[in-house]
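Here is what each chain is made of, one letter per residue.
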Amino acid sequence: MSVPPPPNWQSLADDTVRYLRDLIRLDTSNPPGNEMLAAEYIARVLRAAGVEPVVIETAPKRGNVIARVKGDGRAAPLLLYSHTDVVPVERERWTMDPFGGEVKDGFVYGRGALDMKGITAMQLAVFLAIARSVEREGLPLRRDLILAATADEENDTNQGIGILVEKHPDLLRAEYALSEFGGYSLHIGNRCFYPIQTAEKGNVWMRMVARGRPGHASIPQADNAVVHLARAVDKLARMRLPARITPTSRAFIAGLAEGIGGGQGIALRAWLDMDALREVPLHRLVGDPGLAAELYAVTHDTVVPTVLRAGYKTNVVPSSAEATLDCRTLPGSTPDALIEALRQSLGNDLPVEFEVDSSGEAIEFPFDTPLFKLIERTLKQHDPQGIPLPYMMTGATDAKHVAKLGAICYGFSPMQFAPGESFFEMVHGHDERVAVSALAWGVRVLYEVVRDFCVTV
Ligand SMILES: [Zn+2]
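This brings us to the environment of S413. Mapping S413 onto the fold places it in the loop between β18 (408-411) and α14 (423-426). S413 gets classed as buried once you count the C-beta atoms within 10 Å, which come to 28. C-alpha separation for the pair S413 and M116, spaced 297 residues apart in sequence, amounts to 9.6 Å. Contact partners of S413, with chain neighbours within four places excluded, come to I119, M122, S179, E180, G182, G183 and G442.

Our next topic: helix α12 (residues 370-382). Compared with an ideal rise of 1.5 Å per residue, which puts 13 residues at 18 Å, α12 spans 19 Å between its outermost C-alpha atoms and is within 8% of the ideal. Among the residues of α12, those classed as buried are L371, F372, I375, T378 and L379. One side of α12 carries all its buried residues, which in axial view fall inside an arc of 130°. The secondary structure elements touched by the buried residues of α12 are β7 (176-179), β9 (191-200), β17 (387-393), β18 and α15 (436-456).

A separate point is the sheet that holds strand β5 (residues 107-109). Read from one edge to the other, the open sheet built from 3 strands follows the order β4-β5-β19, with strand pairing classed as antiparallel. At either margin of the open sheet sits one strand with a lone partner, and together these are β4 (103-104) and β19 (433-435). Across 2 bridges, the pairing between β4 and β5 is antiparallel. Counted as the bridge partner of V103 is V108 from β5.

Cut-off values and rules
- Residues numbered from 1 in each chain as written.
- Predicted model: local features only at pLDDT ≥ 70, side-chain atom pairs only at ≥ 80, totals over all residues.
- Helix = DSSP H or I, 4+ residues; strand = E, 2+ residues; numbered from the N terminus.
- Buried ≥ 20, exposed ≤ 12 C-beta atoms within 10 Å, placed from the backbone.
- Contact = placed C-beta atoms within 7 Å.
- Expected span 1.5 Å × (residues − 1).
- Arc of directions from axis to C-beta.
- Pairing = 2+ DSSP bridges.

This is the structure in C-alpha cells:
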C-alpha cells in the first residue's frame with residue numbers, strides 16, 4: 001500500500017493560523033453564544049474545499065457543524081470534536097482586542113486562542129488536508145474521519161454536542177474521539193511532560209442547608225442557622241476524604257515521579273506505593289504547591305464551598321442558611337456515597353442537610369489502546385525527551401456527552417509551549433494567546449496521528 005506524501009507543513013500551519021484568526025473575530029461569547037457565526041464560517045471553508053457539511057441550529061443562532069470524509073469501512077470512525085463558544089471577556093483588562101485576531105510577537109491574541117478555537121482551527125486544517133489527500137491522491141482511509149464543531153460547552157444549556165448525541169447519534173458515532181485538554185507540553189523542573197486526558201472527574205453541585213430557630217437578633221441564641229452553616233463550612237474546608245487512585249492517576253503519578261527523579265520523584269513514588277503514606281499532605285512531598293494541589297485533586301473526591309446565602313435583615317435571625325458546594329468526584333464515586341462521607345465528617349451535632357442540584361458522572365477510558373500508543377509514539381518522534389502521560393481532567397468537558405456514544409475519548413490537541421508558558425494558566429485569562437509556533441508544531445503532530453490512525457489501524 002502506498003501512502004501519498006504529507007501536505008506542505010508550512011501551508012498546513014498557515015491555514016491553521018488563518019482559520020484561528022477568522023474564528024476569533026466571530027464573537028461567540030457564551031452567554032449568549034451566537035455559535036452560528038462559527039458554524040457558517042466553518043461550513044463555508046468546508047464547501048470551498050468540496051466537502052458538504054451538515055449544519056444544525058439547535059436553538060436560534062446556536063449553530064453546530066458536522067462533516068465526514070468516508071473511509072472504506074474496515075474500521076469504525078474517528079471523531080475530531082471541538083466547541084466554538086468562548087467564555088466572556090473583561091475587555092478593559094486586555095491589552096489587545098479580544099476579538100481582533102491580531103498577531104503580535106509571534107502570538108495570535110484573542111478569546112478562544114487556547115480554549116478552544118486554536119484547536120478547532122487545527123482540527124479543521126487536519127480534516128481538510130486529509131479530505132484533499134483522499135480526493136486527489138487516493139489516501140486509503142480504513143475508517144471515516146468525522147469533524148464536529150459545536151455550540152455551548154462553556155455555559156452548558158444543552159444546545160451543543162449533548163443534544164446532538166441524543167438527537168443525531170448517527171452523525172457522531174465513533175470508536176475513538178479526540179478533543180481538548182491534553183497534548184500540551186507541561187514543563188516541570190527541567191523535564192517536559194505531555195498530559196493526555198484519559199479520564200475526567202464527575203461533578204456534583206449541591207447545597208448544604210442549615211436550619212435553626214428564627215427570631216429577633218437582640219437576644220442571642222445557640223440555635224442559629226448562620227452559625228451552624230459557618231461551622232459546617234469550616235469543617236468541610238478542613239476535611240480530607242480518603243485518597244483513591246484510579247489507573248489514569250496511577251500512570252500519571254508514576255510517570256511524573258520517574259520523569260522528575262531525585263528526592264521528589266522518590267517521595268512521589270513512595271506516596272503512590274505505600275498506603276501508610278497516603279495521609280501525608282502532598283505539599284510536604286512535592287515542593288511545588290500548584291502541582292501538589294493538582295495531584296490532590298486527581299486522587300480525592302473534593303468539596304469546595306463557592307456561594308453563601310443567609311439572612312435578609314440585620315436584626316432578624318433567619319431560619320435557614322445555605323452554602324453551594326462544588327464537588328468533583330472520582331470515577332466510581334456516587335453522589336449518595338459522597339453525601340454520606342460529608343455527614344460522617346460533620347458529625348451529628350450540626351443540623352445541616354444536603355440537596356443535589358445537578359450531577360455528571362466521572363469517565364475514564366483505557367489507555368492500552370492502539371490510538372493511545374500511536375499518540376505516544378508520534379509525540380516521541382517530535383519531542384524525543386518529552387514524556388506523554390495519561391491524565392485525569394478535574395473539570396468537565398464535552399467528553400462526558402461523547403462518551404455516551406460508546407467512544408473512547410482522549411483529550412489530545414498537541415501544542416508545544418516554551419518553558420514558563422502554561423496552558424492552564426493562560427486559559428480563560430486576559431490576553432489569551434497562543435504562539436504561532438505552538439500551532440505549527442501541533443497541527444503537524446495531529447495530522448500524523450490522524451492520518452496514521454485512519455490509514456493503518
Ligand atoms: Zn474548552
